Amino acid sequence: MTIDSHSATKSSIDILVYRFEVTSGNVAPVPQSPALSPVVDIVVPVYNEETDLESCVRRLHAHLTDGLPYSFQITIADNASTDTTLTIANRLAEEFTSVHVVHMPEKGRGRALRTVWSASLAAVLVYMDVDLSTDLAALLPLVAPLVSGHSDLAIGTRLHRGSRVIRGVKREFISRSYNLMLRHTLSTRFSDAQCGFKAIRREVAAHLLPLVEDNGWFFDTELLVLAERSGLRIHEVPVDWIDDPDSRVHIASTAMADIRGIARLTRAFAAGALPVHELRAQLGRAPLDPATPGVPAGLTRQLIRFGLIGAFSTLAYLLLFLLLRDPLGAQGANALTLLLTAIANTALNRRFTFGVVGRQRMARHQIQGLIVFGLALGLTSGTLAIVHSVHSTPPAAVELTLLIAANAAATLMRFLLLRRWVFTFTPP
């Protein structure tokens, strides 16, 4: 395999380049003559794209030749096309030495990206849709931070205020709803998971790809979630994007697959089945020391989430107290109710407020949470003791009013202790 002379002169890494040969769905790297490896490998997954493939690849090749200051190759990943797509791709590869073809007998965008990225020697791995809906002017801003080492992944986003997007109301609603769902279920912070315009550094891909299970449309969402949980830096590029009216995406089936993927990831993170802590230690970027020593960052976000969980815990506390007051008495009902809600409160805050996932230090956190519970119990029980010392049989309404006030004070105390003591050394 050789590379265009225009591209080769811009590369600084001299290693063996491989030619892709796919047999029964597997990619076998076959050594070729020594050459300069490309800095950027742009993968274009295709399925039955005989109408648009040639014009899009020619346009992409011309843009890269004229405007990309790095050596490159274009890899057409054919996903079991049944028309003349593969024939056209092979013809383009014969014409341009920087165009390569990988054919797979099975469909799946994720499968195509995993196959090519796993075998590529390029420093930066890119993927874009064949319709080139994204303006190619965004390509250099996408890959440059990865080439320089500033970022680990990069994504095009259609949801930035600086983006210019032309698409129907239906697709706009679906896209925004999907990303909103990701924020509320997986606590993601990246803005656009579905834009077909992404890049990743090769050494990062080598760590993440073995952990990604999906072979379809959820593949890049899963990759981004794993990267974010592992403390990697994701660079976002506002793009100009024009919707392709001939898109092959089946919305209903894709939506169901996405929901199943979200549920699978949620279970995996809750069970600690994914080694994000190990990845964070190997690849992640350590947070900067906060301005105030000992005080973690993200106070506003943590307060909001803690407040919502606290409101839920308070409601659960009151309902359980009313149910248990008669059989156990006020003190017994208060102790048991506070214990149950404290365990649940610690678990919810551990996951959603302070962003701790997996089983690492879970027991320690719960023990510390129970110590906090003991202090809260002393505060609320002391309030009850004072009430009963004043009135031997106080009305339930009086008990509830004073307990609400005491519970609010205990909640504030719990937040401060969780933030300053329990989760002080855990990244948010």
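Residues numbered from 1 in each chain as written. Predicted model: local features only at pLDDT ≥ 70, side-chain atom pairs only at ≥ 80, totals over all residues. Heavy atoms only, no water.

(A) Broad picture of the packing of aromatic side chains. A complete count under the given rule lists 2 aromatic pairs for this structure. Aromatic pair Y317 and F321: ring centres 6.2 Å apart, planes at 15 degrees, arrangement stacked. Here Y317 and its partner F321 are both found in helix α11 (residues 299-353), 4 residues apart, which amounts to about one turn of the helix. Relative accessible area serves as the criterion here: at 1%, F321 is assigned to the buried category. Against the face of Y47 rests K107, its NZ or CZ located 4.2 Å from the ring centre. It is R229 that lies over the ring of F269; its NZ or CZ is 4.1 Å from the centre. (Phe/Tyr/Trp six-rings, centres within 6.5 Å; stacked < 30°, edge-to-face > 60°. Helix = DSSP H or I, 4+ residues; strand = E, 2+ residues; numbered from the N terminus. Buried < 20%, exposed > 50% of the residue type's maximum accessible area, 1.4 Å probe, protein only. Lys NZ or Arg CZ within 6 Å of the ring centre and 35° of its normal.)

(B) Fine view of the environment of L336. Within the secondary structure, L336 sits in helix α11. Remark: the alpha-carbon pair of L336 and L320, spanning 16 residues in sequence, is separated by 8.9 Å. Contact partners of L336, with chain neighbours within four places excluded, come to L324 and L328. (Contact = heavy atoms within 4.5 Å.)

(C) Inspection of the pattern of salt bridges at higher detail. Tallied over the full model, the rule gives 14 salt bridges. Among the salt bridges present, the one from E203 reaches R201, with a minimum N-O distance of 2.5 Å. Overlapping salt bridges bring together E54, R58, R91 and E95 as one network. (Salt bridge = Lys/Arg side-chain N within 4 Å of Asp/Glu carboxyl O.)

(D) Region of the structure containing the nonpolar core. Within the largest apolar cluster, 41 residues are counted, with the highest numbers of intra-cluster contacts made by W117, L153, F190, I200, L208, L223 and F269. The leading source of residues in this core is helix α8 (residues 219-229), at 6 residues. Apart from the residues lying within four places of it in its own chain, the contact partners of L223 are W117, L153, I200, L208, L209 and V212. Judged by nonpolar contacts, the second largest core, of 39 residues, contains V46, V57, I88 and C195. (Core = buried A, V, L, I, M, F, W, Y, C linked by side-chain atoms within 4.5 Å.)

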